[in-house]
Amino acid sequence: MSNVLKDAYNRPIRDLRVSLTDRCNFRCFYCLPHGEPPIAPKDQMLSYEEIAYVCEIFVALGIEKIRLTGGEPMMRRDIETIIGKLSQLKLSDKLQLVDEINNQKPQGLQDLALTTNGYFLPDRAQSLKDAGLDRITISLDSLKRDVFKRMTGVDVLDRVLTGIDAARKADLKPIKINAVIVRGHNEDEVADFAAFAREHDVKMRFIEFMPLDSGHDWSRADVVSGREIRERINARFPLEPIDVPRGSETSSRYRFVDGAPGEIGIIAPVTEPFCGACSRIRLTADGQIRTCLFSTVEHSLRDVLRSGASREEIVDYIKAVVLKKEPRHFINDPGFVAPSRTMSFIGG
Ligand code: SAM
Ligand code: SF4
């Protein structure tokens, strides 16, 4: 097990989120509410070759899951190209042996996933699958056209629903649907989303609103707690916990007591933090490693990479950065300071 990256609190790091771009065609008010944001200059963005190179090293060091995100990752040209390159990391013989590091053969990437707003899926779901994507998470904040438009800034609910169908037809399973629940916007739709999960046999994941909006308008009063979400669903569709060890998963998982298809996941980082088992690390589109969503510092893997560092030097750099991973987030502490880069620039 020596090729598992571990932080200073002995948490194994198995899960890498890679942001492909900080651009987005939506303006979700809880993420990127205003106008044209300052995006990273093109020469600072990691190329697909650079992303593939560092991901191979991460996988050799024990990363098992890679999730592509953004911004809107499908805005990056030819996303199928990078999916194709990363899917090769599932074949352990494509990985450079890490003998020189620790004499162990890495087992290879186990899971390649994508989080998207769904806009481009009607035409592209099959090409993602063909390129080697395993599964997909699609954001969907409302089932009502007017609320969807108010929350995302775009009037495209039907298109996203068509995208979900296209993902199903392309067998990008299990399909997960993310909804950020915000007071005064969509908390009255929580049970309707549960009905949607039952009807369409998807994993519906409800996310508490976090202070990561670029407008810095987050307020605790707007957070709908995981507990309230559970109670709202239970009142219409009784739930029971799925009895599997949660491990490093972000969500607590439930099934319907009546045996209906679909699943409920509740991600409650504000009211029920799960930092103690966190296995995640992030790479921004401009090549910065972030050890926590709420980190106030970043580590420039891009600079190391472009300085001509050897593979061993990059390995040492990544290991040293992982040791700096924060013990937990500080959202609930007095004096909490939100990170200067917000969700769409970090990669959610
Ligand atoms: N654009 C893609 C999408 O929307 O799915 C991927 C990137 S987005 C940043 C990833 C996830 O973060 C989405 O499910 C989004 O709803 C969630 N998110 C964004 N801002 C958030 C916030 N302030 N609090 C909680 N979740 C947030
Ligand atoms: Fe774009 Fe996703 Fe942020 Fe919405 S949540 S603005 S779709 S990056």
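Note that the coordinates shown come from a computational prediction; the quantities given were computed from them, not determined experimentally. (Residues numbered from 1 in each chain as written. Chains lettered and ligands numbered in written order. Predicted model: local features only at pLDDT ≥ 70, side-chain atom pairs only at ≥ 80, totals over all residues. Heavy atoms only, no water.)

**Points about the site of ligand 1**
So, step 1. As a matter of local geometry, ligand 1 sits amid 18 residues, with Tyr-30, Gly-71, Ser-139, Asn-178 and Met-210 nearest to it.
So, step 2. Interatomic distance of 2.9 Å between a backbone N/O atom of Gly-71 and a nitrogen atom of ligand 1.
So, step 3. Contacts to ligand 1 include Met-210, whose backbone N or O atom sits 2.9 Å from a nitrogen atom. (Near = heavy atom within 4 Å. Polar contact = N/O pair within 3.5 Å; in protein donor to acceptor, adjacent residues only side chain to side chain.)

**Here we look at the pairing of strand β1 (residues 15-19)**
So, step 1. Counting buried positions over the five residues of β1 gives five, a clear majority of the element.
So, step 2. Taking every second residue as pointing to the same face, both faces of β1 are buried, with Asp-15, Arg-17 and Ser-19 on one and Leu-16 and Val-18 on the other.
So, step 3. With five bridges connecting them, β1 and strand β2 (residues 65-69) associate as parallel partners. From the neighbouring strand, Ser-19 faces β2, where its bridge partner is Thr-69.
So, step 4. In the classification by handedness, the crossover that spans β1, the intervening helix α1 (residues 48-60) and the parallel β2 is right-handed. (Buried < 20%, exposed > 50% of the residue type's maximum accessible area, 1.4 Å probe, protein only. Helix = DSSP H or I, 4+ residues; strand = E, 2+ residues; numbered from the N terminus. Pairing = 2+ DSSP bridges. Right-handed = clockwise from strand over helix to strand, strands pointing away.)

**Structural notes on the site of ligand 2**
So, step 1. Close to ligand 2 lie Cys-24, Phe-26, Cys-28, Cys-31, Leu-32, Gly-71 and Asn-117.
So, step 2. Of the residues that constitute the shell around ligand 2, the class distribution is five nonpolar, two polar and no charged. (Nonpolar A, V, L, I, M, F, W, Y, C, P; charged D, E, K, R; others polar.)

**Structural notes on unusual backbone geometry**
So, step 1. Of note, the bond from Lys-173 into Pro-174 is cis; its omega dihedral lies within 30 degrees of zero at -5°.
So, step 2. Along the polypeptide, Pro-174 turns up in the loop between α6 (157-169) and β5 (176-181).
So, step 3. Phi is positive for Asp-171, which is not a glycine, with a value near 65°.
So, step 4. Positionally, Asp-171 belongs in the loop between α6 and β5.

**Thoughts on the nonpolar core**
Across soluble globular proteins, nonpolar side chains have a tendency to be buried as a group.
So, step 1. Of all hydrophobic cores here, the largest spans 106 residues; its most connected members are Ile-66, Leu-128, Ile-136, Ile-264 and Ile-318.
So, step 2. Considering every element that reaches this core, the biggest residue donor is α1, with eight residues.
So, step 3. Excluding residues within four positions of it along the chain, Ile-318 makes contact with Leu-5, Ile-57, Phe-58, Leu-61, Ile-289 and Leu-301. (Core = buried A, V, L, I, M, F, W, Y, C linked by side-chain atoms within 4.5 Å. Contact = heavy atoms within 4.5 Å.)

**Structural notes on the environment of Val-270**
So, step 1. Residue placement: Val-270 occurs in the loop between β9 (263-267) and β10 (280-283).
So, step 2. Overall, the relative accessible area of 3% leaves Val-270 in the buried class.
So, step 3. For the pair Val-270 and Asp-141, spaced 129 residues apart in sequence, the C-alpha separation works out to 19 Å.

**Concerning the sheet that holds β2**
So, step 1. A sheet is described by the order of its strands in space; here twelve strands give the open sequence β7-β8-β9-β6-β5-β4-β3-β2-β1-β10-β11-β12, paired in mixed fashion. The open sheet has two edge strands, β7 (239-241) and β12 (299-300), and neither has a second partner.
So, step 2. The pairing of β10 with strand β11 (residues 288-290) spans two bridges and is classified as antiparallel. Bridge pairing in β11 places Leu-283 opposite Ile-289.
So, step 3. Those strands touched by α1 are β1, β2, β10 and β11, and its axis lies near 170° from that of β1. (Axes fitted to C-alpha atoms, helices over the stretch in contact; angles between N-to-C directions.)

**Considering the packing of aromatic side chains**
So, step 1. Summed over all chains, the structure comprises eight aromatic pairs.
So, step 2. Ring centres of Phe-29 and Tyr-30 lie 5.7 Å apart, and the angle between their planes is 75°; on these two criteria the pair is classed as edge-to-face.
So, step 3. Owing to a relative accessible area of 22%, Phe-29 belongs among the partly exposed residues under this scheme.
So, step 4. When the centroid spacing of 6.0 Å and the interplanar angle of 80° are considered together, the rings of Phe-237 and Phe-256 count as edge-to-face. With Phe-237 in the loop between α8 (226-236) and β7 and Phe-256 in strand β8 (residues 252-256), the pair connects residues that are 19 residues apart, well separated along the chain.
So, step 5. For Phe-256, a relative accessible area of 1% puts it in the buried group.
So, step 6. The structure contains a cluster of three or more aromatic residues connected by ring pairs, namely Phe-26, Tyr-119, Phe-120 and Phe-148.
So, step 7. Sitting over the face of the ring of Tyr-119, Arg-159 holds its NZ or CZ atom 3.7 Å from the ring centroid.
So, step 8. Directly above the aromatic system of Phe-256 lies the positively charged group of Arg-198, at a separation of 4.8 Å from the ring centroid. (Phe/Tyr/Trp six-rings, centres within 6.5 Å; stacked < 30°, edge-to-face > 60°. Lys NZ or Arg CZ within 6 Å of the ring centre and 35° of its normal.)

**As for the packing of α1 against helix α2 (residues 79-87)**
So, step 1. Interhelical geometry of α1 versus α2 gives an angle of 25° and a closest axis separation of 10 Å. With respect to α2, the axis of α1 lies roughly parallel. Our pair here, α1 against α2, has a crossing hand that is right-handed. In contact with Tyr-48, Glu-49, Ile-51, Ala-52 and Cys-55 of α1, α2 contributes Ile-79, Thr-81, Ile-82, Lys-85 and Leu-86. (Parallel < 35°, antiparallel > 145°, perpendicular 65-115°, else oblique. Left-handed = near helix turned anticlockwise from the far one by under 90°.)

**Section: the pattern of salt bridges**
So, step 1. For the structure shown, the criterion picks out 28 salt bridges.
So, step 2. Residue Lys-90 pairs with Asp-134 through a salt bridge whose shortest N-O separation is 2.9 Å. Here the residue Lys-90 occupies a position in the loop between α2 and α3 (99-102), and Asp-134 occupies one in the loop between α4 (121-131) and β4 (135-139), the gap between them amounting to 44 residues.
So, step 3. Here Lys-90 falls in the partly exposed class, since its relative accessible area comes to 27%.
So, step 4. The exposure class assigned to Asp-134 is partly exposed, which follows from its relative accessible area of 22%. (Salt bridge = Lys/Arg side-chain N within 4 Å of Asp/Glu carboxyl O.)

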